[in-house]
Amino acid sequence: MVGQQFIAQLAGHPWFRITWLGASQRSEGHKYRDLTWRLPTPMPEEVADLTVEQAAPGRAPRLVFSALDANVAGEIEQAFAEAGHIVVSNARNFRMDPFVPLLIPEVNPDHLSLVPAQQQAKGWSGAIVTNPNCSTVFLAMALAALRQLNPTAVSVTTLQAASGAGYPGVASLDLLGNVIPYISGEEEKIESETKKILGSLQNGHVEPHPVIISAHTTRVAVVNGHTEMIGVRFENMPSREDLLNAFTSFWGRPQQHHLPTAPAKPIIYMDEANRPQPRLDVERERGMAVFVGRLRPCPVLGYKFVALGHNTIRGAAGAAVLNAELMSAEGMLD
Ligand SMILES: NC(=O)c1ccc[n+]([C@@H]2O[C@H](COP(=O)([O-])OP(=O)(O)OC[C@H]3O[C@@H](n4cnc5c(N)ncnc54)[C@H](OP(=O)(O)O)[C@@H]3O)[C@@H](O)[C@H]2O)c1
């Protein structure tokens, strides 16, 4: 799911060109055009004649994007980093490593300064930079916009799309007409990754943000787009206007650099009472914005709202491409 989104995001990219593909033994040795393409847009011609190779360093270019299954990503990504490759990864394996940036370019671009310490500590000539779990990205971006208002506690319930489980994912007979109230490991990832992303750099390490986060995750019969119901308590109760201004004025380094994959506005606030919705909104802004709506008082926490993002684009492949664009714009890929 994510690998094909990478190809869609990188096809025709102004800075990067796909010259190599690696995957499992199932795909190894096949021309890409002979494998099953599952996106609704046509397979880009520039990859069709590439032959898929073993996912190992050697013939791969210096910059590699990883959408590897987490069962194998740890060992394979480390082998690439040791061999001098810059690995921009989606997998969870290195996200919480204290030397590895868990990056959202609008939120914590300064965490990229962990890279030289990573290379020194691990003895790698290459490096690993990660993007968060898909549902973490949307929560962390919304909270980053509100960071100046001092959020102290957050409750989030997710309604996560089927494509978030990879291919073939959850069996259709389990998912259709149903809600599955459990996604293995997901709640822990949201709670810990968000605190690292919002954390501050202190003496070369990331001090996690003190906000308390409670997550409940569910899988629903939606194809693309994770919806999140978010409640937030603040140190001092801000006005609704303060929150609205924080969402609509939020922007960062990608917008400043005009990075090719950056949305013009990372957060789009929708005024309609029944939006955002995955089917109507998730493909807007090329899947790179977070859509927020239904901001209103919450009698328990203070405020509550809905956020929506495209899990395989802003939550995965698009996030990683944006990470690489930021690294390139800041001279880290020279
Ligand atoms: N789906 C999402 O929304 C999402 C969002 C954020 C992060 N992620 C993370 O991104 C990664 C990919 O997720 P996905 O949803 O794209 O999963 P997926 O559809 O199951 O794809 C997994 C990929 O890993 C490759 N692979 C599996 N075993 C391998 C091996 N032994 N050696 C080399 N390659 C191997 C597969 O190769 P073949 O193509 O040959 O089978 C496939 O390309 C996971 O770590 C996931 O947690 C996913």
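Remember, it's a predicted structure, so these values are computed and weren't measured experimentally.

Another aspect to go through is the pairing of strand β6 (residues 151–160). Here eight bridges tie β6 to strand β11 (residues 226–234), and the two strands are oriented antiparallel to one another. Counted as the bridge partner of Ala 153 is Arg 233 from β11.

Let us now look at helix α11 (residues 313–329). A turn of α-helix holds 3.6 residues, and therefore any two residues three or four places apart point the same way. Taking 1.5 Å per residue, 17 residues should reach 24 Å; α11 reaches only 20 Å between its end C-alpha atoms and comes up short. Along its length, α11 shows its largest kink, about 45°, at Ala 319. Among the 17 residues in α11, 15 count as buried, and that is most of the element. Phi turns positive one or two residues past the end of α11, at Gly 331, with a value near 80°.

One pass over the full model with this rule turns up 10 salt bridges. In this structure, the salt-bridge partner of Glu 186 is Lys 189, at a minimum N-O distance of 3.7 Å. Taken together, the residues span about one helical turn, with Glu 186 and Lys 189 both in helix α7 (residues 186–197) at a distance of three residues. Considered together, Glu 186 and Lys 189 belong to a single accessibility category, that of buried residues. Shared partners join several salt bridges into a network, and the residues in it are Arg 33, Glu 45 and Asp 49.

Relative to strand β13 (residues 290–298), strand β12 (residues 267–270) runs parallel, the two sharing four bridges. Note that in β13 the partner of Tyr 269 across the bridge is Val 292. The hairpin turn running from β13 into strand β14 (residues 302–309), its antiparallel successor, is three residues long.

Each pocket or cavity is described by its volume, and for the second largest pocket that value is around 510 Å³. Forming the boundary of the second largest pocket are 25 residues, of which Met 1, Arg 38, Ser 163, Val 223 and Asn 224 lie nearest the centre. Every element with two or more residues in the lining of the second largest pocket is listed here: α1 (2–10) and α6 (172–175). Its residues assigned to classes, the lining of the second largest pocket shows 14 nonpolar, nine polar and two charged.

The next subject is the packing of aromatic side chains. The full count for this structure, using the stated rule, is nine aromatic pairs. Judged by centre distance (6.0 Å) and plane angle (85°), the ring pair of Phe 94 and Trp 124 falls under edge-to-face. On the criterion of sequence distance, the pair formed by Phe 94 in the loop between β4 (86–89) and α4 (114–122) and Trp 124 in the loop between α4 and β5 (127–130) is long-range, its members being 30 residues apart. Judged by relative accessible area, Phe 94 falls into the buried class, the value being 9%. Aromatic pair Phe 247 and Phe 305: ring centres 5.2 Å apart, planes at 70°, arrangement edge-to-face. Here Phe 305 lies in strand β14 and Phe 247 lies in helix α8 (residues 240–248), a separation of 58 residues in the sequence. Accessibility expressed as a relative area gives 2% for Phe 305, which makes it buried. Three or more aromatic residues link up through ring pairs in this structure, and these residues are Phe 6, Trp 15, Phe 16 and Phe 65.

So, on to empty space enclosed by the protein. Within this structure, the stated rule accounts for one cavity of 30 Å³ or more. Here the largest cavity defines a volume of roughly 40 Å³. Considering the residues around the largest cavity, the lining is formed by Leu 103, Ile 104, Pro 105, Asn 131, Pro 132, Val 137, Arg 314, Ala 319, Leu 322 and Asn 323. Sorting elements by how many residues they give to the lining of the largest cavity places α11 first, with four residues. Residue composition of the lining of the largest cavity, grouped by class: seven nonpolar, two polar and one charged.

Cut-offs and rules
- Residues numbered from 1 in each chain as written.
- Predicted model: local features only at pLDDT ≥ 70, side-chain atom pairs only at ≥ 80, totals over all residues.
- Heavy atoms only, no water.
- Pairing = 2+ DSSP bridges.
- Helix = DSSP H or I, 4+ residues; strand = E, 2+ residues; numbered from the N terminus.
- Expected span 1.5 Å × (residues − 1).
- Bend = angle between axes of the 7 residues up to and from the residue.
- Buried < 20%, exposed > 50% of the residue type's maximum accessible area, 1.4 Å probe, protein only.
- Salt bridge = Lys/Arg side-chain N within 4 Å of Asp/Glu carboxyl O.
- 1 Å grid on protein atoms, 1.4 Å probe; cavity = no way out; pocket = protein on both sides within 12 Å on 5 of 7 lines; lining within 4 Å.
- Points joined across faces, edges and corners; volume = space filled by probe spheres on them.
- Nonpolar A, V, L, I, M, F, W, Y, C, P; charged D, E, K, R; others polar.
- Phe/Tyr/Trp six-rings, centres within 6.5 Å; stacked < 30°, edge-to-face > 60°.

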